[in-house]
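Close look at the chain arrangement
The primary structure of each chain is shown beneath.
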Amino acid sequence: MINLFKGCTTETEAAAALEGYSGEASDSELQGALELWRWGNPEILQERTVGINFGFMGNYEQLSDGRLILFDATETNICLIGTDGSVERRFKKPDAHNLLIVGMSPDEKFLYTGSDRGDTVQKWDITSGKMVMSFAPTEGSVLMKAVLTRLLPGGKSVFTCNSINRPQLWDTETGKEICSFPTVRSMGGLAFSGDGSTGFFGTKGQIIVVDMKTQKEINTLKMEYANLQSISPSYDGKVFAIQTYEGEPGKTITARRLSLYHTATGVLLGELEHKNAIEKIYWLASGNHLLVCTSMSVLLVDVEKVELLSEHSIPAGNGSKCTFSQDGKTLGRHTGIHKTGSVRESSFFIIGRKP
């Protein structure tokens with residue numbers, strides 16, 4: 001199927017090849033072939049310098065048109081950054097010190113944030129830059145570690161965990177609480193299946209798998225030597241990927257692995273050893289491939305075989321962070337602020353295939 005895109009150099013050409021296909025391959029097979037073409041040989045499409053004090057390197061969102069939304073630590077507000085790196089708009093200044101960007105709605109109309117010193121999650125209109133709603137727990141304050149507050153797939157609900165370890169789900173249209181979950185102490189990892197049906201709460205060397213509709217526990221999986229912040233479930237939640245270790249975090253780590261597990265049974269389906277720490281694991285649309293961002297490179301992995309298909313170096317830096325565009329066509333990479341003498345170097349990169 002990869003031959004369908006042979007000779008294609010841009011997303012437009014690949015889309016035309018897909019549109020003209022008249023064979024019997026399934027949608028999943030076609031999507032998988034497109035992913036192999038797109039991520040088998042990605043390139044840097046854009047690099048950009050942002051002239052503000054960007055205090056939290058992972059604290060940003062990438063719009064499909066290439067613009068960025070990030071937090072200015074000096075002005076303590078949210079900025080919309082144009083493709084040339086300039087500030088297009090500053091949002092209405094929130095009553096907060098350090099903002100954490102929770103997520104962006106799929107239609108890119110709304111942004112969700114929280115504060116390290118506040119008691120709410122805020123909903124912002126991206127076009128006007130004004131706050132339109134906030135979500136507040138009935139008791140305790142919202143824990144604003146980025147891992148504990150997430151916008152769920154589809155953008156219809158937002159998840160929070162408060163200071164008394166009470167996870168709650170909020171309706172993003174009404175601002176009202178949908179439900180709450182049993183107490184989860186010392187939560188250090190959080191992820192949701194692509195369809196939003198299953199939650200994965202990482203805590204104290206284990207992952208608690210939860211049915212998001214009934215708030216009931218499905219399974220508890222022992223994960224003593226794993227990076228709980230790297231949990232990445234499949235669309236239906238039946239399988240999840242995670243970074244595991246040989247040795248103990250904080251001590252000598254002799255090996256790092258990308259590991260895939262069956263959610264219901266905890267059975268290890270396969271693992272792939274690699275040298276560098278994983279920053280982010282993305283399930284691509286076909287469900288056949290994983291895109292794995294490490295501190296030095298991006299890996300394309302076959303899910304069924306847990307086999308490395310390709311590896312490409314990407315810009316690295318101290319505390320580098322990645323984010324995926326809403327349409328899944330590009331990867332955003334922030335490498336920190338670098339200077340050569342008095343010249344500020346590029347710190348944001350867009351990676352993918354030409355439009």
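What counts as what
- Starting from 1, residues in each chain are numbered consecutively following that chain's sequence as written.
- With pLDDT at 70 or above as the cut-off, local features in this predicted model cover only qualifying residues; side-chain atom pairs require 80 or more to be listed or tallied, and sums for whole chains, interfaces and linings still use all residues.
- Side-chain descriptors were evaluated using all non-hydrogen atoms of the structure, hydrogens and water having been removed beforehand.
- In this description a helix means any DSSP run of H or I spanning at least four residues, a strand means any run of E spanning at least two, and both kinds are numbered starting from the N terminus.
- Note on classification: 1.4 Å probe, protein chains only; a residue is buried when its accessible area is under 20% of the maximum for its type, exposed when over 50%, partly exposed between these limits.
- The criterion used for residue contact is that any of the two residues' heavy atoms lie within 4.5 Å.
- Residue exposure ignores everything except the shown protein chains as possible cover, and the areas themselves are Shrake-Rupley values with a 1.4 Å probe.
- Each nonpolar core is a collection of buried residues, namely Ala, Val, Leu, Ile, Met, Phe, Trp, Tyr and Cys, held together in the definition by side-chain atoms within 4.5 Å.
- Strand pairing is defined by DSSP finding a minimum of two bridges between the two strands.
- Here the axes come from fitting lines to C-alpha atoms, over the contacting stretch only for helices, and the angles between their N-to-C directions go from 0 to 180 degrees.
- Each reported salt bridge corresponds to a side-chain nitrogen of Lys or Arg within 4 Å of a carboxyl oxygen of Asp or Glu.
- Helix span, expected: 1.5 Å multiplied by one less than the number of residues in the helix.
- Only protein atoms enter the 1 Å grid, on which a cavity is a set of points fitting a 1.4 Å probe that cannot get out and a pocket is an open set with protein on both sides within 12 Å along at least 5 of 7 lines, lining residues being those with an atom within 4 Å of a point.
- Grid points are joined across faces, edges and corners, and a volume is the space filled by probe spheres set on the points.
- Throughout this entry, Asp, Glu, Lys and Arg are counted as charged residues, while Ala, Val, Leu, Ile, Met, Phe, Trp, Tyr, Cys and Pro are counted as nonpolar. The remaining residues, Gly among them, count as polar.

This part is about the overall build of the chain. Helix and strand content of the chain: two helices and 30 strands. Counting over 355 residues, the chain shows a buried share of 51%. A separation threshold of at least 6 residues defines the contact pool for the chain, and within that pool the share at least 24 residues apart is 41%. Summing over all exposed atoms, the chain offers an accessible surface of approximately 16500 Å²; the carbon and sulfur share of this is 46%.

Residues Phe159, Leu169, Phe181, Met187, Phe192, Phe201 and Met212 are the most contacted members of the largest nonpolar core, which totals 15 residues. Secondary-structure elements contributing two or more residues to this core are strand 11 (157-161), strand 14 (187-192) and strand 16 (206-211). Per element, the largest residue contribution to this core is three residues, and it comes from strand 14. Leaving out residues up to four positions away in the same chain, Phe201 has contacts with Phe159, Phe181, Val184, Met187, Gly189, Leu190, Phe192, Gln206, Ile207, Ile208, Val210 and Met212. Ala241, Leu260, Ile278 and Val303 belong to the second-largest nonpolar core, a separate cluster that totals 14 residues.

Attention now goes to the sheet that holds strand 3 (residues 68-72). Adjacent strands of a sheet form backbone hydrogen bonds with each other and so pair up, either parallel or antiparallel. Sheet architecture is open: four strands sit in the order 2-3-4-5, paired in antiparallel fashion. What marks the edges here is a single partner per strand, and that holds for strand 2 (60-62) and strand 5 (87-90). The mean inter-strand angle of the sheet, taken between neighbouring strand axes irrespective of direction, is 25°. Relative to strand 4 (residues 77-81), strand 3 runs antiparallel, the two sharing five bridges. Residue Leu70 lies in a different strand from strand 4, and its bridge partner there is Cys79.

We now examine the pattern of salt bridges. According to the stated counting rule, one finds eight salt bridges in the structure shown. For Arg67, the salt bridge is made with Glu88, and the minimal N-O distance between the two is 3.1 Å. With Arg67 in the loop between strand 2 and strand 3 and Glu88 in strand 5, this residue pair connects regions lying 21 residues apart in the sequence. Among the residues examined, Arg67 registers a relative accessible area of 21% and is labelled partly exposed. Among the residues examined, Glu88 registers a relative accessible area of 46% and is labelled partly exposed. Across the salt bridge formed by Arg257 and Glu246, the nearest N and O atoms sit 2.9 Å from each other. Taken together, the residues span a long stretch of sequence, with Arg257 in strand 20 (residues 253-262) and Glu246 in strand 19 (residues 239-247) at a distance of 11 residues. Sharing partners across several salt bridges, the network here consists of Glu246, Arg257, Glu271 and Glu273.

Here Thr294 is to be found in strand 23 (residues 289-294). Look at Thr294 and you get buried, because its relative accessible area is 1%. Beyond its immediate stretch of four places on either side in the chain, Thr294 contacts Asn276, Ala277, Ile278, Glu279, Leu299, Ile314 and Arg333.

Attention now goes to the sheet that holds strand 14. Ordered in space as 14-15-16-17, the four strands form an open sheet in which the pairing is antiparallel. In this open sheet, the two strands that pair with only one neighbour each are strand 14 and strand 17 (217-222). Strand-to-strand twist of the sheet, defined as the mean angle between neighbouring strand axes without regard to direction, takes the value 20°. Pairing analysis gives five bridges linking strand 16 to strand 17, with the strands arranged antiparallel. By the bridge assignment, Ile207 is partnered in strand 17 with Leu221.

On to helix 2 (residues 27-40), then. Look at helix 2: 19 Å from first C-alpha to last across 14 residues, which is about the 20 Å you get at 1.5 Å a residue. Inspection of helix 2 places Leu30, Gly32, Ala33, Leu34, Glu35, Trp37, Arg38 and Trp39 among the buried residues, and these make up the whole buried set.

On to the pairing of strand 24 (residues 297-302), then. Residues in a regular strand project their side chains so that they alternate between the two faces of the sheet. Most of strand 24 is tucked away, with six of its six residues classed as buried. In terms of strand pairing, strand 23 meets strand 24 through five bridges, oriented antiparallel. Residue pairing across strands places Val292 opposite Leu299, the latter belonging to strand 24. If you look at the hairpin formed by strand 23 and strand 24, you'll find two residues sitting between the two strands.

Next up on the list: the layout of surface pockets. One number sums up the size of the second largest pocket: a volume of about 270 Å³. Lining the second largest pocket we find 16 residues, and of these Leu45, Ser64, Thr330, Ile350 and Pro355 sit closest to its centre. It is strand 1 (residues 43-48) that provides the largest number of residues to the lining of the second largest pocket, a total of three residues. Classifying every residue of the lining of the second largest pocket gives four nonpolar, six polar and six charged.

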